[in-house]
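Structure assessment
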Amino acid sequence: MPGLTEGQARHEICRVGRSLFERGYVHGTAGNISVRLDDSHGGGFLITPTDACLGFLEPARLARLDAQARQLSGDRASKTIALHTGIYGAARPFDPEVRCVIHTHSTHCVALTLRPQVAAQAELLAALTPYFVMKVGHVPVIAYHRPGALEAVQQVAQAICRYGEAGTPIRAVMLARLGPTVWHDSPAAAMATLEELEETARLACLGAPEPLTEPQIEELRRSFDARW
């Protein structure tokens, strides 16, 4: 599937940022969005500026970077650019069409990592709902590091490779105490993944439901090619 032109990507980043902000998935100046441009559209990346509010982005002010993540134009790139480019690089062998990464500080996802029992788990959530299994999949928890720390980038890349090599490629990780990071083939698809993840976390915060059984998960694998 062909990727977005630079103009289309700028519009989509701003549209998705505004939508997430207006519905409470991001707040203040937290969160960032990037798009990897196909070589046919100039290559490199677009990413939201550092400390920008996703609800009030301006297409012309998005940071434009080359293929080596060196800034070419726009406002100063988000400090999480290393995380974004690390995800693109690690995910491409398993998901060649990945073109968008979204990171937020979504409330319920973060709240779960503040619980001692979740902080000690390898994954944020069990298979609670069919759409979580189908649209999100496994979400490994990455131990806390300060925002922008390269150690977190390395651990995210290792998790992507570990799950991909096991035959269950992932579309999301959870940075403990910070928030989820998701990726997909377009900003719209990445936003949908983020929404499903946060809503499943909200359900988990409301109680302790029993997860789907293995036969139920296997049926989702067969019927919908679920990555679980």
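Please read these numbers as outputs of a predicted model, since none were measured by experiment.

Thresholds, definitions, all that
- Residues numbered from 1 in each chain as written.
- Predicted model: local features only at pLDDT ≥ 70, side-chain atom pairs only at ≥ 80, totals over all residues.
- Heavy atoms only, no water.
- Helix = DSSP H or I, 4+ residues; strand = E, 2+ residues; numbered from the N terminus.
- Rg over C-alpha atoms; globule rule 2.2 N^0.38 Å.
- Buried < 20%, exposed > 50% of the residue type's maximum accessible area, 1.4 Å probe, protein only.
- Contact = heavy atoms within 4.5 Å.
- Areas by Shrake-Rupley, 256 points an atom, 1.4 Å probe, with all protein chains shown as cover.
- Phe/Tyr/Trp six-rings, centres within 6.5 Å; stacked < 30°, edge-to-face > 60°.
- Core = buried A, V, L, I, M, F, W, Y, C linked by side-chain atoms within 4.5 Å.
- Pairing = 2+ DSSP bridges.
- Axes fitted to C-alpha atoms, helices over the stretch in contact; angles between N-to-C directions.
- Salt bridge = Lys/Arg side-chain N within 4 Å of Asp/Glu carboxyl O.
- Expected span 1.5 Å × (residues − 1).
- Parallel < 35°, antiparallel > 145°, perpendicular 65-115°, else oblique.
- Left-handed = near helix turned anticlockwise from the far one by under 90°.
- Nonpolar A, V, L, I, M, F, W, Y, C, P; charged D, E, K, R; others polar.

Helix and strand content of the protein chain: eight helices and eight strands. Its C-alpha atoms give the protein chain a radius of gyration of 17 Å, within 12% of the compact-globule value 17 Å for 228 residues. Oriented by its inertia axes, the alpha-carbon framework of the protein chain measures out at about 50 × 35 × 30 Å. Scored against the burial criterion, the 228 residues of the protein chain give a buried share of 54%. A separation of at least 24 residues holds for 65% of the contacts in the protein chain among residues at least 6 apart in sequence. Counting only carbon and sulfur atoms, one obtains 53% of the accessible surface of the protein chain, whose full area is about 10,400 Å².

Here we take up the packing of aromatic side chains. For the structure on display, the rule yields three aromatic pairs. When the centroid spacing of 5.6 Å and the interplanar angle of 65° are considered together, the rings of Phe-21 and Phe-56 count as edge-to-face. Here Phe-21 is found in helix α1 (residues 6-22), whereas its partner Phe-56 is found in the loop between β2 (45-47) and β3 (63-65), with 35 residues between them in sequence. On the basis of relative accessibility, which here comes to 62%, the residue Phe-56 falls in the exposed class. For the ring pair Phe-132 and Trp-228, a centre distance of 5.9 Å and an interplane angle of 65° mean the geometry is edge-to-face. You can see Phe-132 sitting in helix α5 (residues 130-135) and its partner Trp-228 sitting in the segment after α8 (214-224), a full 96 residues away along the chain. The same class applies to Phe-132 as to Trp-228, namely buried.

A few words on the nonpolar core. By size, the foremost hydrophobic cluster in this structure holds 45 residues, and its most contacted members are Leu-20, Ile-102, Leu-124, Leu-125, Val-139 and Leu-197. At the level of secondary structure, the elements contributing two or more residues to this core comprise α1, β1 (32-36), β5 (100-103), α3 (107-113), α5, β7 (172-175), α7 (187-206) and α8. Here this core takes six residues from α7, the largest share from any one element. Excluding anything up to four places from it in sequence, Val-139 contacts Ala-122, Glu-123, Leu-124, Phe-132, Ala-172, Val-173, Met-174 and Leu-197. Counting 24 residues, the second largest nonpolar core, distinct from the first, contains Ala-77, Ala-90, Ile-142 and Tyr-163.

Judged by pairing direction, the sheet is mixed, and its eight strands sit side by side in the order β4-β3-β2-β1-β5-β8-β7-β6 without closing on themselves. A strand with exactly one partner marks an edge of an open sheet, and here the two such strands are β4 (71-73) and β6 (141-142). Sheet strands in contact with α1 are β1, β2, β3 and β5, and its direction is about 155° off that of β1. Here α7 sits on the sheet and contacts β1, β5, β7 and β8 (179-184); the angle it forms with β8, its principal contact strand, is near 145°.

Right, let's get into the pattern of salt bridges. Under the definition given, this model contains 14 salt bridges. For Glu-58, the salt bridge identified is with Arg-61, shortest N-O distance 3.8 Å. On the basis of relative accessible area, Arg-61 is assigned to the partly exposed category, the value being 43%. In the salt-bridge network here, residues are joined through shared partners; they are Arg-36, Asp-38, Glu-97 and Arg-99.

Here α1 spans 24 Å end to end across 17 residues, near enough to the 24 Å set by a 1.5 Å rise per residue. For α1, the complete set of buried residues consists of Ala-9, Arg-10, Glu-12, Ile-13, Cys-14, Val-16, Gly-17, Ser-19 and Leu-20. On its buried side, α1 packs onto β1, β2, β3, β5 and α7.

Our next topic: the packing of α1 against α7. Look at α1 against α7: their axes get within 10 Å of each other, and the N-to-C directions meet at 20°. As judged from the angle between their axes, α1 and α7 are roughly parallel. By crossing handedness, the relation of α1 to α7 is classed as right-handed. Counted together, Glu-12, Arg-15, Val-16, Ser-19 and Leu-20 of α1 and Pro-187, Ala-188, Met-191 and Leu-194 of α7 form the full contact between these two elements. Taken together, the residues of the contact of α1 with α7 break down into six nonpolar, one polar and two charged.

That's the geometry; what it means functionally is another story.
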